[in-house]
Amino acid sequence: MVRLACSSVSFWALPASLRLSVRSASVAPVLRHSYSQDATPRNLTIAGTDYPTDTWTNVPQSILSQYGRKLHIQPDHPLSITRKLVESRFPGFRNHNTLPGVVTVDQNFDSLGFTSDHPGRSRTDTYYINKDTLLRTHTTAHEVDVFRQNSSDGWTLSADVYRRDAVDRSHYPVFHQMEGALTWDRSAFASRQACMDAIRESFDKLPKHDLVVEDPNPTFHAERNPLQDKYHSADEAEIVAAHLKRSLEDMVVAIFTAADKALIASGQSSESEKDPLKVRWVEAFFPHTSPSWEMEVWWRGDWLEVLGCGVIDQPLLIRANQLDRIGWAFGIGLERIAMLLFGIPDIRLFWSKDPRFLKQFTDAGPMKRFQPFSKHPPAPRDVAFWLPKTLKGDVVAETPASTASAPNSAGGQQTSSPRNNAVEAELAFHENDLMEIVRTIAGDSVEDVRLIDSFTHPKSNRRSLCYRIEYRSLERTLTTEEVNEMHERVCGEMVGRFGVEIR
Ligand code: DAH
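Since this is a predicted model, take the numbers as computed values, not measurements. (Residues numbered from 1 in each chain as written. Predicted model: local features only at pLDDT ≥ 70, side-chain atom pairs only at ≥ 80, totals over all residues. Heavy atoms only, no water.)

1. Structural notes on the confidence of the model for the chain
Averaged over every residue, the pLDDT of the chain is 88; residues scoring 70 or more account for 87%. Between residues 1-37, whose pLDDT stays under 50, and residues either more than four places distant or in other chains, the model counts 73 contacts. Segment residues 415-425: pLDDT under 50, and 19 contacts once partners within four positions in sequence are set aside and those in other chains are kept. (pLDDT = per-residue confidence, 0-100. Contact = heavy atoms within 4.5 Å.)

Encoded structure:
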């Protein structure tokens with residue numbers, strides 16, 4: 001990796017008085033990865049319910065204060081407009097939009113077939129209320145319940161989801177996903193063949209499009225993307241997969257046609273600059289589907305990963321007491337789509353209560369591109385530090401930020417050295433913990449945190465990391481004093497929590 005010198009915006013940019021307090025904090029006891037008992041109350045009250053805390057608790061107040069905003073159903077909000085646009089492509093589906101975000105470990109992981117060592121379960125990636133309860137990391141957490149309820153063949157479910165993740169302009173610890181599923185009850189037909197005929201008939205009635213579709217792989221592949229041959233015939237999986245792909249292709253045509261229209265209406269692009277829209281299907285892995293795919297869309301010069309989907313894992317349906325149902329499911333991140341549709345450059349804007357933002361959008365179309373209303377200067381500060389000598393275990397730095405439907409579904413990034421047991425392993429340092437400290441202290445006044453330097457001293461063997469934190473508010477200009485004050489607190493927390501030595 002290229003070694004970059006830490007610039008003038010480092011620790012040394014702090015006034016001497018602050019440097020002193022940061023340095024002197026280095027004698028503070030190391031509270032690595034555990035929230036001190038003093039800081040964690042015995043109970044957390046979330047939406048009126050009390051939950052006991054324990055050693056797993058890692059959800060900070062700053063996250064809980066965002067709980068319940070329900071942006072995806074707030075009238076005239078761009079996330080709600082996006083949700084409705086997607087829902088409109090699935091006529092006859094039941095739309096579940098108000099399921100609470102506190103779920104059990106069983107709902108979020110076990111019931112979906114996540115292995116016990118899946119990185120998504122780790123406390124560095126997921127907000128736990130206690131060892132059994134967490135803030136859902138994906139809308140898939142409700143699949144078993146909704147299938148068990150069995151109130152419609154087709155349904156969508158939109159909700160806020162929570163992940164401890166990177167800080168940048170397209171990642172925020174709370175975001176929104178939509179889950180969708182369609183199943184057929186084989187026992188309601190005279191034969192399995194009759195059920196397949198019905199799926200084919202429904203497929204034939206789906207809207208047709210003239211999209212270029214790249215789909216080079218076979219529908220299933222024994223190693224890479226297996227058929228659930230214990231439960232499904234090849235013909236059944238083929239027709240379900242065809243129905244799934246056509247339905248989702250239709251949905252993206254609708255979305256990206258709307259995005260094109262808004263772009264052209266804003267004068268930011270012309271009809272002639274329009275690239276033909278293309279879609280490609282990429283083999284994927286999710287614990288809750290097989291075979292599985294991600295869909296990527298070629299739009300205005302880039303391949304964008306848009307969603308994850310697949311043929312629903314049959315044991316999951318059996319757990320939901322739907323022994324004879326077969327079908328497909330997908331999950332899509334709403335912010336990603338809304339940012340494209342409206343040209344919203346920073347994910348924090350969705351949380352803005354500023355009328356200059358909110359007044360720009362209306363449920364009553366046509367869709368309009370976002371007009372930036374202010375640009376406030378960024379205030380970069382670096383934090384460079386030595387990790388404690390005594391640390392054993394993995395150091396996780398410069399992990400790719402997650403996407404809403406990445407192969408490591410439900411959060412949980414593959415680290416460079418795979419962890420044997422993501423839940424048990426003692427990590428020396430995980431950068432998501434730094435992200436969390438910065439978010440807790442700076443709130444929405446931080447735009448980006450990234451590793452700019454990492455090296456190991458050849459003699460002492462000590463590891464040094466340097467992160468650049470871009471402080472910037474979307475709503476006002478931050479003063480030097482307040483930025484320094486926030487940065488000093490970040491440095492202090494790093495020292496207090498991880499025993500690092502600021503350089
Ligand atoms: N749960 C996945 C995630 O959070 C998204 C997803 C993928 C949902 C495939 C699905 C699916 O329903 O079939 O990344």
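2. Quick word on the sheet that holds strand E18 (residues 463-471)
Strands pair in a sheet through their backbones, by hydrogen bonds, and they do so in one of two ways: parallel or antiparallel. Judged by pairing direction, the sheet is antiparallel, and its 4 strands sit side by side in the order E17-E18-E14-E19 without closing on themselves. With one partner strand each, in any of the chains shown, strand E17 (446-456) and strand E19 (501-502) form the two edges of the open sheet. For E17 and E18, the ladder comprises 9 bridges, and the chain directions are antiparallel. Bridging from a neighbouring strand, Asp453 pairs with Cys466 of E18. (Pairing = 2+ DSSP bridges. Helix = DSSP H or I, 4+ residues; strand = E, 2+ residues; numbered from the N terminus.)

3. Some remarks on the environment of Met196
As for its position among the elements, Met196 is in helix H6 (residues 192-205). With near-sequence residues (within four places) excluded, Met196 lies in contact with Ser233, Asp235, Glu236 and Ile239.

4. Considerations on the side chain of His243
The topology assignment puts His243 in helix H7 (residues 234-265). Of the residues examined, His243 reaches a relative accessible area of 2% and is grouped as buried. Discounting residues that sit within four places of it in the chain, His243 has contacts with Leu182, Trp184, Ile199, Ser202, Phe203, Leu206 and Trp328. (Buried < 20%, exposed > 50% of the residue type's maximum accessible area, 1.4 Å probe, protein only.)

5. Some points on the sheet that holds strand E10 (residues 278-286)
Strands sit in the order E3-E7-E8-E13-E12-E11-E10-E9 across an open sheet of 8 strands; the sheet is mixed. Each having just a single partner strand, strand E3 (94-96) and strand E9 (212-214) make up the two edges of the open sheet. Sheet twist, expressed as the average angle between the axes of neighbouring strands with direction ignored, equals 25°. Relative to strand E11 (residues 289-299), E10 runs antiparallel, the two being bridged by 8 bridges. Each bridged residue has a counterpart across the sheet, and for Trp281 the counterpart in E11 is Met295. Contacts from H7 reach strand E8 (174-185), E9, E10, E11, strand E12 (302-312) and strand E13 (325-333) within the one sheet, and its direction differs from that of E11 by about 25°. (Axes fitted to C-alpha atoms, helices over the stretch in contact; angles between N-to-C directions.)

6. Examining the pairing of E17
For a regular strand, side-chain orientation follows a simple rule: the groups alternate between the two sheet faces. Counting buried residues in E17 gives 9 out of 11 residues, a clear majority hidden from the surface. The hairpin formed by E17 and E18 contains 6 residues between the paired strands, and Asn461 there has a positive phi angle of roughly 65°.

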